[in-house]
Amino acid sequence: VMTIALMLVDYIDRQVIGILAKDLQKIIGWSELDYGNIVASFNAAYAVGLLLAGRLIDRIGTRAGYAIALTVWSLAGMAAAGARSALQFGIARAALGLGEAGNFPAAIKTVAEWFPKKERALATGIFNSGTNVGAIVAPLTVPWIALHMGWQWAFILTGAVGLIWLLFWIPLYRK
C-alpha cells in the first residue's frame, strides 16, 4: 500500500511541471526551448540514475536505499518551488530524476523481499498501478492547488508527501 501511494505521488510530481508549463512559462519567462531542456534534464538524469540506483540499493539495502532516493526526490521536487529561472528548474528537475530513479528498483526489490514468488507479479502490478492512478489524479489536483494556493505549493506538497511517507517507511520496513 505504501509503495502504491508513493508511485501515485511520484507520477503526480512528474506531471506537475507539464500541467503548469504554460503558466510557468509566463511567470518565470522561459521559452519553448528552455522547457524542452528542462524536460530533457529530468529524462537524462533519470536514465543515468536508473543505471546507478539498482546497484546502490543492492549494496546498502532496500530500506536505506529507498530512503535516500525518496529524500533526494522529495527535496528536489520541493526545490522547484524556489526556482526563478529555466536553469534553476532544470537543475531541480535533474535532481528529481536522480532521486526518482531509485523508485522502481527499490519497489521491485521490496516485492522480492516481501512476497513469495507466486505473488510477485500481482504485487508488481499493484504498485505499478499507482502511476496510472497518478495520471488521473494529477490533472484534477494540480490545477486546484495552483489556483488556490499558488503554483509553488504544487511542488511543495508533492515533495512533502514523500517526506511524510518516509516517516512510515523507515520504522515499518524490514527485510
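Refer to the structure presented above.
### Quick look at the packing of aromatic side chains
The relative placement of two aromatic rings is captured by the distance of their centres and the angle of their planes. A full pass over the atoms with the stated rule returns twelve aromatic pairs. Judged by centre distance (4.9 Å) and plane angle (90°), the ring pair of Trp30 and Phe89 falls under edge-to-face. With a gap of 59 residues between them, Trp30 in the loop between α1 (2-28) and α2 (32-60) and Phe89 in helix α4 (residues 86-100) connect regions that are remote in the sequence. Across the pair, Phe89 and Trp30 agree in class, each one buried. Between Trp114 and Tyr173, the aromatic rings sit 5.5 Å apart at their centres with planes inclined by 10°, giving stacked as the arrangement. Highlighted residues: Trp114 in helix α5 (residues 103-114) and Tyr173 in the segment after α7 (151-172), separated in sequence by 59 residues. Since its relative accessible area comes to 4%, Tyr173 is described here as buried. Every member of this aromatic cluster is reached through a ring pair, and the members are Trp30, Tyr35, Phe89, Trp151 and Phe155.

### Examining the nonpolar core
Of all hydrophobic cores here, the largest spans 20 residues; its most connected members are Tyr66 and Trp169. Counting residues per element, the ones that place at least two in this core are α2, α3 (62-79), α5, α6 (120-149) and α7. For this core, the leading source of residues is α3, giving five residues. Ile17, Leu20, Ala81 and Ile145 belong to the second-largest nonpolar core, a separate cluster that totals 19 residues.

### Brief notes about the packing of α3 against α7
Interhelical geometry of α3 versus α7 gives an angle of 160° and a closest axis separation of 7 Å. Taken together, α3 and α7 sit at an angle that is classed as roughly antiparallel. As for how α3 packs across α7, the hand of that crossing is left-handed. For the pair α3 and α7, contact is made by Thr62, Arg63, Tyr66, Ala67, Leu70, Thr71, Trp73, Ser74, Leu75, Gly77 and Met78 and by Phe155, Ile156, Thr158, Gly159, Ala160, Gly162, Leu163, Trp165, Leu166, Trp169 and Ile170, respectively. Its residues assigned to classes, the contact of α3 with α7 comprises 14 nonpolar, seven polar and one charged.

### Regarding α2
Its 29 residues place the ends of α2 40 Å apart at the C-alpha level, agreeing with the 42 Å of an ideal helix rising 1.5 Å per residue. Leu50 marks the point of greatest bend in α2, at about 35°. Looking at α2, one finds that the buried residues are Ile38, Ser41, Phe42, Ala45, Tyr46, Gly49, Ala53 and Ile57. For α2, the N-terminal cap is Ser31; the gap from its side-chain oxygen to the backbone nitrogen of Leu33 is 3.3 Å.

### Details of α4
Counted at 1.5 Å a residue, the expected span for α4 with its 15 residues is 21 Å, and the 20 Å between its end C-alpha atoms agrees. Every buried residue belonging to α4 is among Ala86, Phe89, Gly90, Ala92, Arg93, Leu96, Gly97, Gly99 and Glu100, and all of these are buried.

About the criteria used
- Residues numbered from 1 in each chain as written.
- Predicted model: local features only at pLDDT ≥ 70, side-chain atom pairs only at ≥ 80, totals over all residues.
- Heavy atoms only, no water.
- Phe/Tyr/Trp six-rings, centres within 6.5 Å; stacked < 30°, edge-to-face > 60°.
- Helix = DSSP H or I, 4+ residues; strand = E, 2+ residues; numbered from the N terminus.
- Buried < 20%, exposed > 50% of the residue type's maximum accessible area, 1.4 Å probe, protein only.
- Core = buried A, V, L, I, M, F, W, Y, C linked by side-chain atoms within 4.5 Å.
- Axes fitted to C-alpha atoms, helices over the stretch in contact; angles between N-to-C directions.
- Parallel < 35°, antiparallel > 145°, perpendicular 65-115°, else oblique.
- Left-handed = near helix turned anticlockwise from the far one by under 90°.
- Contact = heavy atoms within 4.5 Å.
- Nonpolar A, V, L, I, M, F, W, Y, C, P; charged D, E, K, R; others polar.
- Expected span 1.5 Å × (residues − 1).
- Bend = angle between axes of the 7 residues up to and from the residue.
- Polar contact = N/O pair within 3.5 Å; in protein donor to acceptor, adjacent residues only side chain to side chain.

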